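A structural walkthrough
Residue strings, one per chain:
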Amino acid sequence: MLHSNYLKQLDLQDIVVFLNLVELRSAKRTAERMNVSQPTVSYCLKRLRGCFDDALFASSHGVLKPTTKAQKIAPYLRMVVESVNRCAEDDGSVPAHVLRRIWTLCAPEYFELSFLPQALAVLSRTHPNTSLHLDRLSRDLPVDRLIAGDLDIAIGFGPGYHQMHPELQWQAVLNDDFVCLTSWRPLARDGFMSLDEFCASPHVFPTPWISERNMVDGWLDKVGRTRNVLVRANSYQACVNIVAEVPATVALPARLLPHLRIAPGLKVCQPPLGFPSFTLDMIWAKDRGDSKDVSSLRSLVETVGETMLNV
């Protein structure tokens, strides 16, 4: 028997909405996970607040934070859902789509080329009912979306300002260096491009995210030099294709070379001494670091990163 008539208004969807809000801290993410509209989530939350006579969640900088009462009742409501699931599992009637999860991340093209295929292969073995939703990284890291829970993690290049943001945590996944791919005139030293040769060559600028400059130009500024950018292209492969047709040079992350189609006539050489290197970093919101989605996705990226380091 229910102790309150108000509790009779609750249905199982209300409870699932509540538990997802506790985990995801976002009405939008909850709606996406449950495949319902945001107004439906809002309506369920309204009924929950009436039944339990409590606000349950307070909004702070776009993040829904559970109240004290919400934290107290969450374990009991979780037991309700688990008990219902056990009842259904006895006859094998749990629909597959009910258990399906979506992990969301934002990443540059570098991640798509080098990580994503292996990540999906691992995911299909370890989490067969989970899929990835990938947004392309733009010029600015989507800090607000991470904090609000609209993204589980972001992938960025380090060192970066995200390493100092008070509401973010990060972890370097791997290190990488640059190589120069060139069809320009023969070099003074085979296998090595001097700073003078690098600056004299026309350059193809890969812009897989919206940016006017990158770490290469920042390094050239520090040494008092500049380069001649012939053209900007939207993908690494497009840059390689251009260099195959036009005498020019493109600076590429070394780990991407096996993932690109490189014409036989192109020369891969080492960049000038002192050329920058970088890390690929995972970034997530501190408040969501212990959530199941963030932890599982981080583990997936770590596994692929370790595989790449051992190759």
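Structural data are supplied above this passage.
Read on for an overview of the structure. (Residues numbered from 1 in each chain as written. Predicted model: local features only at pLDDT ≥ 70, side-chain atom pairs only at ≥ 80, totals over all residues. Heavy atoms only, no water.)

1. Focus on the packing of aromatic side chains
Heads up, the condition is: Centres within 6.5 Å are what make two rings of Phe, Tyr or Trp a pair, Trp counting through its six-membered ring; a difference in plane orientation under 30 degrees is then read as stacked, over 60 as edge-to-face, and the rest as tilted. Numbering goes from the N terminus for both helices and strands, where a helix is a DSSP run of H or I of at least four residues and a strand is a run of E of at least two. The cut-offs for exposure are 20% and 50% of the maximum accessible area for each residue type, with area from a 1.4 Å probe on protein chains only; residues under the lower value are buried, those over the upper are exposed, and the others partly exposed. Charge-over-ring placement is defined geometrically: NZ (Lys) or CZ (Arg) within 6 Å of the ring centre, and within 35 degrees of the ring normal.
Counted by the stated rule, this structure contains nine aromatic pairs. Between Tyr110 and Phe157 the ring centres are 5.8 Å apart and the planes differ by 90°, which places this aromatic pair in the edge-to-face class. Placement of the pair is Tyr110 in helix H6 (residues 109-114) and Phe157 in strand E5 (residues 153-158), with a sequence separation of 47 residues. The same class applies to Tyr110 and to Phe157, which are both buried. Here Phe198 and Phe275 contribute two aromatic rings whose centre-to-centre distance is 5.3 Å and whose plane-to-plane angle is 75°, an arrangement assigned as edge-to-face. In this pair, Phe198 is assigned in helix H9 (residues 195-200) and Phe275 in the loop between strand E11 (267-269) and strand E12 (278-285), connecting sequence segments 77 residues apart. Accessibility classification places Phe198 together with Phe275 in one group, the buried group. Ring pairs connect the aromatic residues Tyr110, Phe157, Phe178, Phe198, Trp219, Phe275 and Phe278, which therefore count as one cluster. For Arg189, the ring lying beneath its charged end belongs to Phe192, and the centroid distance is 4.5 Å. Positioned above the aromatic ring of Phe205, the side-chain terminus of Arg227 is 5.2 Å from the ring centre.

2. Thoughts on the sheet that holds strand E4 (residues 130-136)
The criterion, for reference: Strand pairing is assigned whenever DSSP detects at least two bridges linking the two strands. The convention used is that axes are lines fitted to C-alpha atoms, helices contributing only their stretch in contact, and that angles between N-to-C directions extend from 0 to 180 degrees.
Spatially, E4-E3-E5-E12-E6 is the arrangement adopted by the five strands of the open sheet, whose pairing is mixed. Unpaired on one side and paired on the other, E4 and strand E6 (168-176) mark the two borders of the sheet. On average, each strand axis in the sheet is inclined to that of its neighbour by 25°, with strand direction left out of account. Two strands pair when backbone bridges link them, and E6 and E12 are joined in this way by eight bridges, in the antiparallel orientation. Within E12, the position partnered with Leu174 by the bridge is Leu280.

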